[in-house]
Amino acid sequence: MAISMAFSDEQKMLADMIYKWGVNWLDPQMEHHDEVDEMPKDFFKETGKLGINGLCIDEKYGGAGQGYTEVLIGTLEIGRISNALSMTWGAHLCLCVDNIKRNANEDIKQRFLPGLCDGTDIGCLGITEPNAGSDAMAMRTTAKLDGDSYIVNGSKIFITNAPVGQVLLFYVKTNPELGPKGMSALVTRIDPAPEGYSCNKIKKFGMRTSPTGELGFNDMRVPKENLVGELNKGVAILTGGLTTERITLSGCALGSAKAALDLSAKYSKERVQFGKPIAEQGQIQYKLANMYCRYETGRMLAFNAAAFVDSLTDKRGGKGTDLDMMAAASLLYCGEIGTQNCLDGIQIHGGYGYCLEYAINRHFRDSKLWEIGAGTSEVRRMIIARELLRKY
Ligand SMILES: Cc1cc2nc3c(=O)[nH]c(=O)nc-3n(C[C@H](O)[C@H](O)[C@H](O)COP(=O)(O)OP(=O)(O)OC[C@H]3O[C@@H](n4cnc5c(N)ncnc54)[C@H](O)[C@@H]3O)c2cc1C
C-alpha cells in the first residue's frame with residue numbers, strides 16, 4: 001500500500017506546537033528531573049493545556065477527535081526532547097484512555113474520559129506480572145464477583161505512570177480455568193488508593209522521568225459496573241490495544257533517533273580535533289549518514305502503519321491481520337534504530353557522551369526500553385514471522 005508521507009497543514013501545526021512547547025518548557029528541566037528520578041509535577045497539566053491528553057478521543061468526552069497518525073506525531077515530537085515523557089504521555093493516552101474509549105460502555109466513558117482528557121487524571125495500564133511478561137496470558141491476578149463488586153487479588157509489575165496515576169485499566173482472570181478465554185478488563189481509580197491496593201516505585205537506569213510501579217492487590221474491591229467490555233473477552237481488548245500501541249509508541253523511539261542525529265550533527269560541527277571540526281572526518285560523516293537513513297526509514301514504517309490503521313473502520317489487529325505484522329515491524333525497527341542512533345551519537349560525543357548530564361546519554365538510556373516494552377524485539381519478530389509464513 002502506497003501512502004503519502006506529506007503532512008496536512010493541521011498536522012504540521014500540531015507537530016510544531018508540541019515541539020516548540022517541548023523546547024521551551026520541557027527541555028530546560030530534563031537534566032534535573034532525570035537526575036532526581038521524577039516526572040515534572042505539572043507535565044500532564046501542561047499537555048492538557050496543549051489539548052493533547054485526549055488527542056484521539058471523541059470531542060464529546062473532551063478529546064480532540066484526531067487519529068493515530070496525530071498521536072504518532074505527538075509521541076515523536078515529545079520524544080525528540082524526552083523519550084521518557086513521550087512514553088508517559090503515550091501510556092496515558094494509548095494504553096489507558098484509548099482502550100477505555102474503544103471498549104468500555106457509555107457509563108464508564110462518561111465517568112472516566114473527561115478527567116483523563118482535561119489533565120485532571122493520569123491513566124495507566126496493567127498487563128505485566130512478575131511471572132507473566134512476554135507470556136502475558138499466564139497472568140495470575142484474579143477477580144471474583146462478590147455481590148456488587150469484584151474482589152481482586154494478585155500483582156502487576158512495570159506499570160508506567162502508576163506511582164502518579166489516578167486511573168488504572170488492568171487485566172484479570174475472571175475464570176482462571178479457561179486460561180486466556182477467562183480473562184477480563186477492569187478499570188478502577190487508584191488515587192485515592194482503594195483498600196487493598198499498594199504501589200511501589202521501581203528504580204530504573206533510564207526512563208527516569210516516567211514513573212514505573214509494582215502493584216499489589218489484596219482483596220481490592222472494584223465495582224462490577226467497572227468491567228470494560230464483556231466478561232471473559234479481555235484477550236481481544238488486550239491484543240487489539242497492543243497493536244495500535246506498538247504503532248503510536250514507535251514515535252518515542254523515533255524521537256530519540258532524531259534527537260541523536262540533531263545533537264550529534266551539531267556537536268560534530270562544534271568539536272574541533274586535529275585542527276578542524278570532527279564533522280569533516282569521513283568516519284563521523286559515515287555515522288551521521290547512517291543515522292539519517294535509519295530515522296527516515298523508521299519514520300516511513302511507523303507513519304505507513306499509522307495511516308493504515310487510521311484507514312480501517314474497526315482498527316483491530318490480532319492474529320491473522322496485516323495490521324498486527326505492520327505494528328510489530330514498526331516498533332521492532334524503530335526500537336532497534338533508536339538504540340543504534342543513540343549509540344552512534346554517544347560515540348560522536350566521545351567522553352562527553354558518556355556523562356550523565358549530556359542529553360545524548362539520557363536518550364540512550366531511555367531508548368533501550370523500546371527493545372523491551374510493549375512486547376520485546378524477540379516477540380515482535382515472532383509475530384512478524386507468524387504472519388509472514390501464513391502468506392506463503
Ligand atoms: C520501563 C518499563 C515500562 C513498562 N510499562 C508497562 C506498562 O505500562 N504496562 C505493562 O503492562 N507492562 C509494562 N512494561 C512491561 C514490559 O511490557 C515487559 O517488560 C515486556 O513485555 C517483557 O516482559 P518481561 O520483562 O517479563 O521479560 P520476559 O518475558 O521474562 O523475557 C526475558 C527475555 O526472554 C525473551 N523471551 C521470552 N519468551 C521468548 C520466546 N518465546 N522466544 C524468544 N525469546 C523469548 C524476551 O524477548 C526477553 O529477551 C514495562 C516495562 C518497563 C521496563
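The rules behind the values
- Residues numbered from 1 in each chain as written.
- Predicted model: local features only at pLDDT ≥ 70, side-chain atom pairs only at ≥ 80, totals over all residues.
- Heavy atoms only, no water.
- Helix = DSSP H or I, 4+ residues; strand = E, 2+ residues; numbered from the N terminus.
- Rg over C-alpha atoms; globule rule 2.2 N^0.38 Å.
- Buried < 20%, exposed > 50% of the residue type's maximum accessible area, 1.4 Å probe, protein only.
- Contact = heavy atoms within 4.5 Å.
- Areas by Shrake-Rupley, 256 points an atom, 1.4 Å probe, with all protein chains shown as cover.
- Lys, Arg positive; Asp, Glu negative; His and termini not counted.
- Charge placed at Lys NZ, Arg CZ, Asp CG, Glu CD.
- Domains from an automatic or database assignment.
- Buried area = accessible area lost by both parts, 1.4 Å probe.
- Salt bridge = Lys/Arg side-chain N within 4 Å of Asp/Glu carboxyl O.
- Nonpolar A, V, L, I, M, F, W, Y, C, P; charged D, E, K, R; others polar.
- Pairing = 2+ DSSP bridges.
- 1 Å grid on protein atoms, 1.4 Å probe; cavity = no way out; pocket = protein on both sides within 12 Å on 5 of 7 lines; lining within 4 Å.
- Points joined across faces, edges and corners; volume = space filled by probe spheres on them.
- Axes fitted to C-alpha atoms, helices over the stretch in contact; angles between N-to-C directions.
- Parallel < 35°, antiparallel > 145°, perpendicular 65-115°, else oblique.
- Left-handed = near helix turned anticlockwise from the far one by under 90°.
- Core = buried A, V, L, I, M, F, W, Y, C linked by side-chain atoms within 4.5 Å.

## Focus on the overall build of the chain
Phase 1: Helix and strand counts for the chain stand at eleven helices and ten strands.
Phase 2: In terms of C-alpha radius of gyration, the chain reaches 21 Å, essentially the compact-globule figure of 21 Å for 392 residues.
Phase 3: C-alpha extents for the chain along the principal axes are approximately 80 × 50 × 40 Å.
Phase 4: Within the chain, buried positions represent 57% of all 392 residues.
Phase 5: For the chain, the share of sequence-separated contacts (at least 6 apart) that also reach a separation of at least 24 residues comes to 75%.
Phase 6: Surface accessibility of the chain: about 16,900 Å² in total, with carbon and sulfur atoms responsible for 54%.
Phase 7: Averaging the coordinates of the 44 positive side-chain charges in the chain and doing the same for the 47 negative ones gives two points 4 Å apart.

## Quick notes on the domain arrangement of the chain
Phase 1: One can read the domain layout of the chain as domain 1 (9–122), domain 2 (124–232) and domain 3 (235–390).
Phase 2: On the side of domain 2, 22 residues touch domain 1, which itself brings 30 residues to the contact.
Phase 3: A combined buried area of about 2,300 Å² lies between domain 1 and domain 2, and 58% of that area is made up of carbon and sulfur atoms.
Phase 4: It is Asp-37, Phe-112 and Ile-122 in domain 1 that bury the most area against domain 2; as a group they hold 28% of the surface buried on that side.
Phase 5: Taken together, the connections running from domain 1 to domain 2 amount to one salt bridge.
Phase 6: In this structure, the salt-bridge partner of Asp-121 is Arg-189, at a minimum N-O distance of 3.0 Å.
Phase 7: Those elements that provide at least two residues to the side of domain 1 that touches domain 2 are α1 (9–36), α4 (83–103) and α5 (106–117).
Phase 8: The leading source of residues in the side of domain 1 that touches domain 2 is α4, at twelve residues.
Phase 9: Taken together, the residues that form the side of domain 1 that touches domain 2 break down as 15 nonpolar, eight polar and seven charged.

## Side note on the pairing of strand β7 (residues 212–223)
Phase 1: Across ten bridges, strand β3 (residues 149–160) lies against β7 in antiparallel orientation. Looking at the pairing, Ser-149 lines up with Pro-223 of β7.
Phase 2: When strand β6 (residues 197–201) meets β7, the two strands line up antiparallel, connected through five bridges. In the strand pairing of β7, Asn-200 is matched with Glu-214.

## Looking at the layout of surface pockets
Phase 1: Considering only enclosed or pocket space, the largest pocket measures out at about 1,400 Å³ in volume.
Phase 2: Along the walls of the largest pocket sit 45 residues, with Thr-128, Ile-372, Gly-373, Ala-374 and Gly-375 positioned nearest its centre.
Phase 3: For the lining of the largest pocket, the secondary-structure elements that each account for two or more residues are α4, β3, α6 (234–248) and α11 (377–390).
Phase 4: Examining the composition of the lining of the largest pocket, we find that seven residues originate from one element, α6, more than from any other.
Phase 5: Looking at the lining of the largest pocket, its residues break down into 24 nonpolar, twelve polar and nine charged.
Phase 6: There is about 500 Å³ of room inside the second largest pocket.
Phase 7: Asp-27, Leu-263, Ala-359, Arg-362 and His-363 are the residues nearest the centre of the second largest pocket, which is lined by 22 residues in total.
Phase 8: Class assignment for the residues of the lining of the second largest pocket results in eleven nonpolar, two polar and nine charged.

## Considering the packing of α4 against α6
Phase 1: At a minimum axis separation of 10 Å, α4 and α6 run at an interaxial angle of 130°. The orientation of α4 with respect to α6, classified from their angle, is oblique. Crossing of α4 against α6: the hand is right-handed. On α6, the residues touching Cys-94, Leu-95, Asp-98, Asn-99, Arg-102 and Asn-103 of α4 are Ile-237, Gly-240, Gly-241, Thr-244, Glu-245 and Thr-248.
Phase 2: Here the residues of the contact of α4 with α6 are counted per class, giving three nonpolar, six polar and three charged.

## Re the nonpolar core
Phase 1: Counting 76 residues, the largest nonpolar core has Trp-89, Leu-93, Ile-100 and Tyr-171 as the members making the most contacts within it.
Phase 2: For this core, the leading source of residues is α4, giving eleven residues.
Phase 3: Apart from residues lying up to four places away in sequence, Leu-93 is in contact with Ile-52, Asn-53, Gly-54, Leu-55, Cys-56, Ile-57, Val-71 and Asp-98.
Phase 4: Within the second largest apolar cluster, 17 residues are counted, among which are Cys-124, Tyr-150, Phe-170 and Tyr-197.

## Digging into the environment of Ala-306
Phase 1: In this fold, Ala-306 is placed in helix α8 (residues 282–311).
Phase 2: Relative accessible area serves as the criterion here: at 0%, Ala-306 is assigned to the buried category.
Phase 3: A C-alpha to C-alpha distance of 9.4 Å links Ala-306 and Ser-330, two positions 24 residues apart in sequence.
Phase 4: Ignoring sequence-local partners within four residues, the contact set of Ala-306 consists of Tyr-68, Thr-69, Leu-72 and Ile-247.

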